[in-house]
Amino acid sequence: MAKLDLQGVTKSFGDNPVCRGIDLTVDEGEMVCLIGASGSGKSTLLRCINLLEPIDDGRILLDGVDISEPGLNPQPIRARIGIVFQSFNLFPHMTAAENVMLAPRRVLGKSRDALEAPVKALFERFDLGQRMHHYPDQLSGGQQQRVAIIRALAMQPEIMLFDEITSALDPELVGEVLDVLRQLRTEGMTMILATHEMAFARELADKVCFLDAGRILEEGPPEILFSDPKEPRTRAFLSRVL
Amino acid sequence: MTDQTSLPRGSAPTLTRRQAYEQRLRRRSITIAAGSTLAVVLAVVLLVPLAPGWDAVKRSFFNGEVFAKTFPGLLDAFLINVAIFLWCAPIIAILGLVIALFRDVRSPALYPLRLFGAIYTDVFRGLPVILVIYLIGFGIPGLGLPRPWNSPYIWGSLALILVYAAYVAEVIRSGIDSIHHSQRAAAASLGLSDGETMRYVVLPQAIRNVAPANMNLFIALQKDVALLSFIGPVEVFRQAGVYKSLLANFTPYVGAAVIFLALTIPATRYADYLMNKQRRRQS
Ligand SMILES: Nc1ncnc2c1ncn2[C@@H]1O[C@H](COP(=O)(O)OP(=O)(O)OP(=O)(O)O)[C@@H](O)[C@H]1O
Ligand SMILES: [Mg+2]
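Residues numbered from 1 in each chain as written. Chains lettered and ligands numbered in written order. Predicted model: local features only at pLDDT ≥ 70, side-chain atom pairs only at ≥ 80, totals over all residues. Heavy atoms only, no water.

**Things to note about the interface of chain A and chain B**
Right, on to step 1. Contacts between the two partners involve 22 residues from chain A, matched on the other side by 17 residues from chain B.
Right, on to step 2. Taken over both partners, the interface formed by chain A and chain B buries close to 1,600 Å², and the fraction arising from carbon and sulfur atoms is 65%.
Right, on to step 3. Linking chain A with chain B are 0 salt bridges, by the criterion used here.
Right, on to step 4. Those elements that provide at least two residues to the side of chain A that touches chain B are α2 (75–78), β6 (81–84), α3 (96–106) and α5 (141–153) of chain A.
Right, on to step 5. By residue class, the composition of the side of chain A that touches chain B is 14 nonpolar, 4 polar and 4 charged. (Contact = heavy atoms within 4.5 Å. Buried area = accessible area lost by both parts, 1.4 Å probe. Salt bridge = Lys/Arg side-chain N within 4 Å of Asp/Glu carboxyl O. Helix = DSSP H or I, 4+ residues; strand = E, 2+ residues; numbered from the N terminus. Nonpolar A, V, L, I, M, F, W, Y, C, P; charged D, E, K, R; others polar.)

**A look at the sheet that holds strand β7 (residues 159–163) of chain A**
Residues and elements named next belong to chain A.
Right, on to step 1. In spatial order, the strands read β6-β7-β8-β3-β9-β10; together these 6 strands make up an open sheet with mixed pairing. In this open sheet, the two edge strands, each paired with only one partner strand, are β6 and β10 (215–220). Strand after strand, the sheet turns through a mean of 20 degrees between neighbouring axes, direction not considered.
Right, on to step 2. Two strands pair when backbone bridges link them, and strand β3 (residues 31–36) and strand β8 (residues 190–194) are joined in this way by 4 bridges, in the parallel orientation. Each residue of the ladder has a partner; that of L34, found in β8, is A194.
Right, on to step 3. Helix-sheet contacts for α5 involve β6 and β7, and the interaxial angle to β6 is about 170 degrees.
Right, on to step 4. Set on the sheet, helix α6 (residues 171–186) makes contact with β3, β7 and β8; between it and β8 the angle comes to about 150 degrees. (Pairing = 2+ DSSP bridges. Axes fitted to C-alpha atoms, helices over the stretch in contact; angles between N-to-C directions.)

**A look at the nonpolar core**
Right, on to step 1. Among the nonpolar cores identified, the biggest contains 50 residues, and I35(A), F123(A), I149(A), M160(A), F162(A), L184(A) and M191(A) are the most heavily contacted of them.
Right, on to step 2. Ranked by residue count, the leading element in this core is α6(A), at 7 residues.
Right, on to step 3. Residue contacts for F123(A): discarding those within four places in its chain leaves A96(A), A97(A), V100(A), L128(A), G129(A), M132(A), V147(A) and I150(A).
Right, on to step 4. Grouped together as the second largest cluster of nonpolar side chains are 43 residues, L45(A), I216(A), A188(B) and L190(B) included. (Core = buried A, V, L, I, M, F, W, Y, C linked by side-chain atoms within 4.5 Å. Buried < 20%, exposed > 50% of the residue type's maximum accessible area, 1.4 Å probe, protein only.)

**Examining helix α9 (residues 232–241) of chain A**
Along an α-helix, residues three or four apart share an orientation, since each turn contains 3.6 residues.
Residues and elements named next belong to chain A.
Right, on to step 1. Among the residues of α9, those classed as buried are T234, F237 and L238. Along the axis of α9, the buried residues cluster in a sector spanning 95 degrees; they form a single face. Of the exposed residues in α9, the ones pointing more than 90 degrees away from its buried face are P232, S239 and R240.
Right, on to step 2. In the core, the buried residues of α9 are packed alongside β3, α7 (198–204), β9 (207–212), β10 and α8 (222–227). (Arc of directions from axis to C-beta.)

**Digging into the pattern of salt bridges**
All names here are of chain A.
Right, on to step 1. Per the counting criterion, the structure on display carries 22 salt bridges over all chains.
Right, on to step 2. A salt bridge links R80 to E158; the nearest nitrogen and oxygen atoms lie 2.7 Å apart. Of this pair, R80 sits in the loop between α2 and β6 while E158 sits in the loop between α5 and β7, and the two are 78 residues apart along the sequence.
Right, on to step 3. According to the relative accessible area criterion, R80 is partly exposed, its value standing at 27%.
Right, on to step 4. For E158, a relative accessible area of 25% puts it in the partly exposed group.
Right, on to step 5. A salt bridge links E124 to K120, with the shortest nitrogen-to-oxygen separation between them at 3.0 Å. One end of the pair is E124 and the other is K120, both in helix α4 (residues 112–125) and 4 residues apart, which spans about a single turn.
Right, on to step 6. Judged by relative accessible area, which is 46%, E124 ranks as partly exposed.
Right, on to step 7. For K120, a relative accessible area of 40% puts it in the partly exposed group.
Right, on to step 8. Each of K3, D63, R80 and E158 takes part in salt bridges that share partners, so that together they form one network.

**Brief notes about the packing of helix α4 (residues 64–102) of chain B against helix α11 (residues 236–247) of chain B**
Residue and element names in this part refer to chain B.
Right, on to step 1. Where α4 contacts α11, the two axes come as close as 8 Å, and the packing angle between them is 150 degrees. Considering the angle they form, α4 stands roughly antiparallel to α11. At the point where α4 passes α11, the crossing takes the right-handed sense. Contact residues: V66, K69, T70, G73, L74, A77, F78 and N81 in α4; V236, Q239, A240, Y243 and L247 in α11.
Right, on to step 2. Tallied by class, residues from the contact of α4 with α11 come to 8 nonpolar, 4 polar and 1 charged. (Parallel < 35°, antiparallel > 145°, perpendicular 65-115°, else oblique. Left-handed = near helix turned anticlockwise from the far one by under 90°.)

Set out below in structure tokens:
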């Protein structure tokens, strides 16, 4: 059974259809990259998967259970699916460590003491041991984004969603954030990335999906999709960005 | 340009051309400001005493003897203002916060709270403070309540609390609105409920953002405590009135003004300082 299974997901904002019937399966430990032009619906799809946006129609199955059922309490499901945003969205009034501990304490009911050691270990794993007690505005963009990843990981999610997490970074900071993704990849984390980093998608993705006007126009392993795209629109998009 | 030659190169070798230019500009404006201020002060000092009524005004408003005699009594009376302020302020802060939260509830079951919050702030921001003080301060004891429940201190304070809580609620609500929705999204994505998001993520930031605005409100409250004198309490303004009648001299009012200013000017300056600091941080 697939870890995550989207079946005919549709979503409109007013009369602007943004997802127009999206089918996608993601297996345990798989890394899927969403590519596509600006406005093609990548962010919206990710936000729908972790229920920040309710979908209009279709189904989203997590471990075979429909999580898109209208009226379902989204909180416990969101706690199982981590998301990292382009603009970090750290809480500016809390230190990096407090940012990371907030949800485990309030949602999972863990004590500060019990979190101390695992959180420290997380920061050290991503080379931020020295920055735990800094406030977001005392951190570089790359460091902030890594803290945002740690914050999502601290909930021990089953799937991680990444929405163009390197797009707001200075070029020299992109590498350190991509390294974190490589690390997660080797640890077998199930991940979906919306990304403009084609080289990265080609290097690591199991599957690349090309989104066009709210549909997955073409999908496949990166070696095939990047070198031999079938659809003219995919070809046109790739020739623009590669 | 002749700038090059007029630069004070020897005296300040570290200044760039731009800095030197700005320094000259700054010195010039300081000189002009000082000159014009001096001219105005001189004109006031020299001309006002020439006014035909000046001697009479000086005797009845700036009488040193009366000032010295009444000032300690005024200070004593001012303690009442301080006391009223001190018990009103925390209640206003809490009530203002509660009303602000009422206005943010989303659940339809709680819609009445939302409606109540909106009506409450509209009504109490729409009335003159003195009118609320009269209505509550005279109206409720008029029901014939037994002592101590007919005290004007209680009902006057309640009037101030009701009015000021409405303003504080609006200020806090504007602070809540100013927090970018991506903060709420980030909190929600971690599994926090709406209430937890408000409590741990939105409110702490909102309240900090509007702290200077709230401080200005509390400064205004400190002044408006004097309005309670109209329904009874002998605070500093009323005490000054008593002295005025006793001594047939207006100097006690000046004394009361001095006391208010000694408190409000530093507080206003501090609020402005906070506000500027905030603006710099946000830009
Ligand atoms: N909250 C919203 N309300 C209304 N319209 C929205 C909202 N969010 C997104 N949209 C619209 O949905 C469409 C898809 O947006 P989305 O952000 O999902 O695209 P994207 O593929 O992530 O683009 P980008 O590469 O620029 O991030 C756009 O036309 C956008 O204007
Ligand atoms: Mg996007």
